[in-house]
4 protein chains.
Amino acid sequence: MLRVAVAGASGYIGGELLRLLHGHPRATVVAATSDRFTGRRVDGPHPNLRGHTDLCFVGHGDLTGLDLDVLFLATPHRETMARMAGFLKLAGTVIDLSGDFRLRDPETYASYYETPHTAPELIPSFTPGLPEWHRAELATADRISVPGCMATAGILAVRPLAEAGLIEGEVRVDARTGSSGSGASSGSAGAHAERSGALRVFAPTRHRHEAEIAQATGRTVRMTATGVEAVRGVQVLCHTTLAAGVSEKDVRSAFRAAYRDEPFVRIVAQRRGLYRLPEPKILSGSNFCDVGFAVSGETGTAVLIGALDNLVKGGAGGAVQCLNARFGWPERTGLEFPGLHPN
Amino acid sequence: MLRVAVAGASGYIGGELLRLLHGHPRATVVAATSDRFTGRRVDGPHPNLRGHTDLCFVGHGDLTGLDLDVLFLATPHRETMARMAGFLKLAGTVIDLSGDFRLRDPETYASYYETPHTAPELIPSFTPGLPEWHRAELATADRISVPGCMATAGILAVRPLAEAGLIEGEVRVDARTGSSGSGASSGSAGAHAERSGALRVFAPTRHRHEAEIAQATGRTVRMTATGVEAVRGVQVLCHTTLAAGVSEKDVRSAFRAAYRDEPFVRIVAQRRGLYRLPEPKILSGSNFCDVGFAVSGETGTAVLIGALDNLVKGGAGGAVQCLNARFGWPERTGLEFPGLHPN
Amino acid sequence: MLRVAVAGASGYIGGELLRLLHGHPRATVVAATSDRFTGRRVDGPHPNLRGHTDLCFVGHGDLTGLDLDVLFLATPHRETMARMAGFLKLAGTVIDLSGDFRLRDPETYASYYETPHTAPELIPSFTPGLPEWHRAELATADRISVPGCMATAGILAVRPLAEAGLIEGEVRVDARTGSSGSGASSGSAGAHAERSGALRVFAPTRHRHEAEIAQATGRTVRMTATGVEAVRGVQVLCHTTLAAGVSEKDVRSAFRAAYRDEPFVRIVAQRRGLYRLPEPKILSGSNFCDVGFAVSGETGTAVLIGALDNLVKGGAGGAVQCLNARFGWPERTGLEFPGLHPN
Amino acid sequence: MLRVAVAGASGYIGGELLRLLHGHPRATVVAATSDRFTGRRVDGPHPNLRGHTDLCFVGHGDLTGLDLDVLFLATPHRETMARMAGFLKLAGTVIDLSGDFRLRDPETYASYYETPHTAPELIPSFTPGLPEWHRAELATADRISVPGCMATAGILAVRPLAEAGLIEGEVRVDARTGSSGSGASSGSAGAHAERSGALRVFAPTRHRHEAEIAQATGRTVRMTATGVEAVRGVQVLCHTTLAAGVSEKDVRSAFRAAYRDEPFVRIVAQRRGLYRLPEPKILSGSNFCDVGFAVSGETGTAVLIGALDNLVKGGAGGAVQCLNARFGWPERTGLEFPGLHPN
């Protein structure tokens, strides 16, 4: 059994890590940290874990000397880069879920996060935590940076066509997200009476995940992000222009070639039925990212669609999948939950 | 035109008062107070009023010398009783929506609000703001205390049978409420991710509105209050025991006798159809309280049901109806909106 | 008082027409038709009208000889064009809410509706029912065709820039709609357990309203339509490329020039606040279409946003506004409801 | 591996059985029947199973000769009793999720189901499928009848006090349920626009599950059932009168004595925190039934609360737990999913 710990474990991503790691047959959670909840039971902020664990939160300082194999970081951006040097001493493998080590270019980081990067020298040592595109590197990676939730959906939806040279020009991404993406401390903007039923364009331009999709696909990306009525769930609609002569069959083939053997990517592009394109409704709790497409043959445009649970495949589940990839276990280990329908 | 003002106008009840008074043909809002938003436009916290008014919030102190006819109080309980003596000097008629002057007995107040009443001498001077049962008194009342949202639904559902002597024993009230009932500052308990989809029994016993229903009906009342997935809306299910020999026909007759000519109470107790008993879904924005019942003939029990929009009939709309009753205008004045379906 | 009737009055648009016309000071509803509900009360399928009207549905045939001034058509497409010749004999003014007379080109109609147009000779006689852009024509129009709900939002969002020559290239429209847009007979796809929480891309390409926006703006339009968790409400995000040298100030000026004096279009493009861009959450029941924009200065792109209540400004309310425009009444007549917040 | 089949597998309970049995380490699903979907893939109506199974539906007749160990019945009531004799020949163990064999008294059945029981001679041979109260019998039972969803919650909430003699008089049950409880064919009453946001008292008296709770607790039960805004989830509030001298401590002790070692019942009755009483929000997908209570000391009344996922613990999960109990496996086998938070 690997000895693992979660830093920043009282938030939503942290809670989801605890849930998944608790059910993982190869890992034992030896510590979960929280500044705010130190000394209290983890099933307080995470009531779904009642009856599953008696673990209590410890302070960040208590991680020292725990002989950790793996440390998961669910700490806020900015704070994470400031403390990364210390974190790296605590465990052989560090899997970071913050935004601080996703962008390769410190200037881009500074532009999108509106603060200079304080540990740029560490950036190159991190491997992107997306097994579908970095599996080989992950097998030996000791520093892993898991992409953002909307970025994961966007990259998985766009990259097959981008890699195959089937699209040209800008990609316009329309991203939709549930309220859990704002975290457990969302303030008055997140009050139920205000957030319920919202279609809130909270980032009409320049959302941070835009830069990640651009970096991973090599395309210019323009993204809008809208908060929709849901707790969990992300969906992206990526409007693209197809290169001359590209047919729907070519598009389908590119997706198949990319994801045929993937354990957690399903191609959903059916002619009929209720769930014929990806949507997060049936993905809550699961580690799937469903991807699909619709081609407008006459005009040479395609809409590429991705959907996932932002706290699982777009966060904690993606991180556990990286853990599995890193240690050579079957990637579905601990991630078998198929999602619920109806839900 | 009457000159009216709203104290505590930045909250949800305050905003609803502004909406209704703005559309009222006999009243002009000359001031709206807010500690927090002083100097800012009222359509900031109340974006539905954009394009309807250019009013800005003033401080409480700015009410002096405004020559007000009517002052509406949407201020918090406890603060309201502390400042009531001052409020009463500002306008000929004061309509209070706080909880401070609803309970006639200061001891009961102290027990339910867990604080002593600081102005008990003023309590007897207030008339209950429920036109259906206090119309004559309201015609000359200068101090009006509007009942709580769940209390309004409960009183309107139970009182016809209580008055007619058709029920005996305790009344068990199961109350359900949307998130707007917690006000605009609900804290982390009100965060969308936590509150969405909730069935939260936040008051399994001793909710304050229980005491109001008991006072108005003369029955012992046991009430539970549950937060449900909705922004607006209150529904109460009141489980009662019928007196010996009371039939469904008697129950219906009692409701008809009580509410036949009421402008804002509809009796909804149909044999078929989708909306055959009261529910708040179709009442948002309207001043109706729908009441209904179901009798279990063989056992002598009845469930009495009430539903309303907590911010309208259970708050601001009820207060405006009192205004109309006080000044002898048709009670529907400014309150004609019929509600939406579907919604 | 004008004598008006509604054909196809048992559906959601029909019910909304009845609600608005019932509250209209210049019109009397003399008949409401329904094949399915003939002889039954209109407040059966429209329970919000309880206590407001005792009207019962009649058959379509019963419209003859009623001496109607205005006939509103909320009948299905295809059926409407087949019966239009007959409808036109029944009233001096016909206001059609079906899709059959919106597209000027019968070939385009045939392509988008997948059926030939059976009354192409009548198309030119209809005036588009969008007062913001056709006010002068509407003042004398006897045949009015109200645009689709998503089309109304899209046209109002895009046309100011299109007319001013500020955009170039294709417009990509991301449209989101609540479940009431599917009508009262939505079948198993509309079952709550399946539709709740959905982000259903039901029309990834070729939605019919796409053709209306293209026709009204002169731009090539690519639209996707997604069903979101809501009953009422439409929001469109229109991704555009700005012409060289166009600044945010130019964009704002174009919107102001177009809508400065409009009673039902509000420009919502604020720097801060919760509701700083248009969203339907606060528009339920109101006739407003809020429009806004976000410019990405460095790249010369803009997202234009429109939001409305699909059953009001995107349907029945738009039709009543046309009625007012046609008969020279203030356009706000009968349409004053400001919407609710929170909701 | 046990050979199991599911009859009536295209509905929501059937789909949930397939999901759980697919992940069960001791069982193989060899057949799933559906009249309507014969020959089609099970992941059509159950899209969450995509990538998990290639199973296709067969007809009921195709169950013959399959050498089944266990047959689960998710067939409609009335149809189930008519065909039970045939079903019993197909497998050594039959686990019935219909309502037909839950009530021991055929007269009670006839009264609540409004149809005579057509196989009353089979009723005594069925064991109630509630391991918490029938574990010993289940270990050898070949015919098991799983209780209704609201009945399961009600029995688990009330029975500890009823068995211990701590309550007297009637029990008033306020039950709330999500839309999935109406099944996959709910008709126009279940259309999203009508059902969304509902607080629909669809059974003010005489709900069938009332009779089950009465039978299992020996108390007279009066139950109302309300449809609330949720897809999954049941919650019951059971208003009881405590016997003289019974304290909160006695109540807690009775719950502890009953459920201390239960794998799927958690006692949730905390003094503080957000989730201090049971609610279904955090139980989706899990097999837990949370139970709790609130005592009004001064008056001798108690509210007993139960919550569960109607498709899992209140249906398919309960049935799988019975399977485990029947075959001597740990009861958590295949049922480990802890539920999601937030959700």
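Residues numbered from 1 in each chain as written. Chains lettered and ligands numbered in written order. Predicted model: local features only at pLDDT ≥ 70, side-chain atom pairs only at ≥ 80, totals over all residues. Heavy atoms only, no water.

Before going further, it helps to examine the interface of chain C and chain A. If you look at the interface, chain C gives 47 residues, while chain A gives 47 residues. Taking both sides of the interface into account, the surface hidden between chain C and chain A amounts to around 3800 Å²; carbon and sulfur atoms contribute 55%. Considering only the surface of chain C that becomes buried against chain A, Arg172(C), Leu199(C) and Leu274(C) emerge as the three largest contributors, covering 17% of it. The tally of links between chain C and chain A comes to four salt bridges. Among the ionic pairs, Asp174(A) bridges to Arg176(C), the shortest N-O distance being 2.3 Å. The tally of links between chain C and chain A comes to 27 residue pairs in polar contact (both at pLDDT 80 or more). Of the residues assigned to the side of chain C that touches chain A, the class counts are 18 nonpolar, 15 polar and 14 charged. (Contact = heavy atoms within 4.5 Å. Buried area = accessible area lost by both parts, 1.4 Å probe. Salt bridge = Lys/Arg side-chain N within 4 Å of Asp/Glu carboxyl O. Polar contact = N/O pair within 3.5 Å; in protein donor to acceptor, adjacent residues only side chain to side chain. Nonpolar A, V, L, I, M, F, W, Y, C, P; charged D, E, K, R; others polar.)

The interface is formed by 46 residues belonging to chain B together with 47 residues belonging to chain D. For the pair chain B and chain D, the summed buried surface comes to about 3800 Å²; carbon and sulfur atoms form 55% of the total. The tally of links between chain B and chain D comes to four salt bridges. Between the two partners, chain B and chain D, sit 28 residue pairs in polar contact (both at pLDDT 80 or more). Broken down by secondary-structure element, the contributors of at least two residues to the side of chain B that touches chain D are β7 (167-177), α6 (192-195), β8 (200-203), β9 (221-227), β10 (234-242), β12 (289-296) and β13 (301-308) of chain B. Ranked by the residues each element gives to the side of chain B that touches chain D, the list is headed by β10(B), at five residues. Split into classes, the residues belonging to the side of chain B that touches chain D amount to 18 nonpolar, 15 polar and 13 charged. (Helix = DSSP H or I, 4+ residues; strand = E, 2+ residues; numbered from the N terminus.)

In the numbering adopted here, UniProt assigns the feature "active site" (unreviewed entry) to Cys149(A). Leave out the neighbours within four places in its chain, and Cys149(A) touches His209(A), Val234(A), Leu308(A), Asn310(A) and Gly314(A). (UniProt positions renumbered as here; feature names shortened; annotations may be inferred.)

Mapping chain B onto chain D is achieved by rotating through 180° and translating by 0.0 Å along the same axis, at an RMSD of 0.0 Å. The transformation relating the two chain copies, once decomposed into turn and shift, fits a two-fold axis. Every residue of chain B has its C-alpha some distance from the rotation axis, and the shortest such distance is that of Glu229(B), at 3.0 Å. (Least-squares fit on C-alpha atoms with pLDDT ≥ 70 in both.)

A few words now on the nonpolar core. All names here are of chain D. Judged by nonpolar contacts, the single largest core of 42 residues is most densely connected at Leu 161 and Leu 304. Residue assignment for this core shows that the elements contributing at least two residues are α5 (149-163), β7 (167-177), α7 (208-217), β9 (221-227), β10 (234-242), α8 (248-259), β12 (289-296) and β13 (301-308). Examining the composition of this core, we find that ten residues originate from one element, α5, more than from any other. Leu 304 has contacts with Ala 157, Val 158, Leu 161, Val 236, Leu 237, Cys 238, Thr 240, Phe 255, Gly 292 and Phe 293, leaving out every residue within four places of it along the chain. (Core = buried A, V, L, I, M, F, W, Y, C linked by side-chain atoms within 4.5 Å. Buried < 20%, exposed > 50% of the residue type's maximum accessible area, 1.4 Å probe, protein only.)

Superposition record for chain C on chain A: RMSD 0.0 Å, screw rotation 180°, translation along axis 0.0 Å. Interface overlap between copies: 100% of the residues of chain C at the interface are likewise at the interface in chain A, consistent with a symmetric, same-surface contact.

Within a sheet, neighbouring strands are paired by backbone hydrogen bonds and run either parallel or antiparallel to one another. Residue and element names in this part refer to chain D. On the basis of which strands lie adjacent, the open sheet formed by six strands has the order β2-β1-β3-β4-β6-β5 and parallel pairing. Where the open sheet ends on each side, the last strands, each with one partner, are β2 (27-32) and β5 (127-128). Across four bridges, strand β1 (residues 2-7) lies against strand β3 (residues 68-73) in parallel orientation. Each residue of the ladder has a partner; that of Ala 7, found in β3, is Leu 73. (Pairing = 2+ DSSP bridges.)

The next point concerns the side chain of Thr301(B). In this structure, Thr301(B) sits in strand β13. What makes Thr301(B) buried here is its relative accessible area of 7%. In this structure, Thr301(B) is in contact with Thr240(B), Thr241(B), Leu242(B), Ala294(B), Val295(B), Ser296(B), Glu170(D), Arg172(D) and Arg222(D), ignoring residues within four places of it in sequence.

What follows covers the packing of helix α3 (residues 106-113) of chain B against helix α7 (residues 208-217) of chain B. All names here are of chain B. It is the contact of α3 with α7, at a shortest axis distance of 9 Å, that shows an interaxial angle of 155°. Viewed along their axes, α3 and α7 adopt a mutual orientation that is roughly antiparallel. α7 is crossed by α3, and the crossing has right-handed handedness. Each of Thr 108, Tyr 112 and Tyr 113 in α3 lies in contact with α7, whose residues at this interface are Arg 208, Glu 210 and Ala 211. Tallied by class, the residues present in the contact of α3 with α7 amount to three nonpolar, one polar and two charged. (Axes fitted to C-alpha atoms, helices over the stretch in contact; angles between N-to-C directions. Parallel < 35°, antiparallel > 145°, perpendicular 65-115°, else oblique. Left-handed = near helix turned anticlockwise from the far one by under 90°.)

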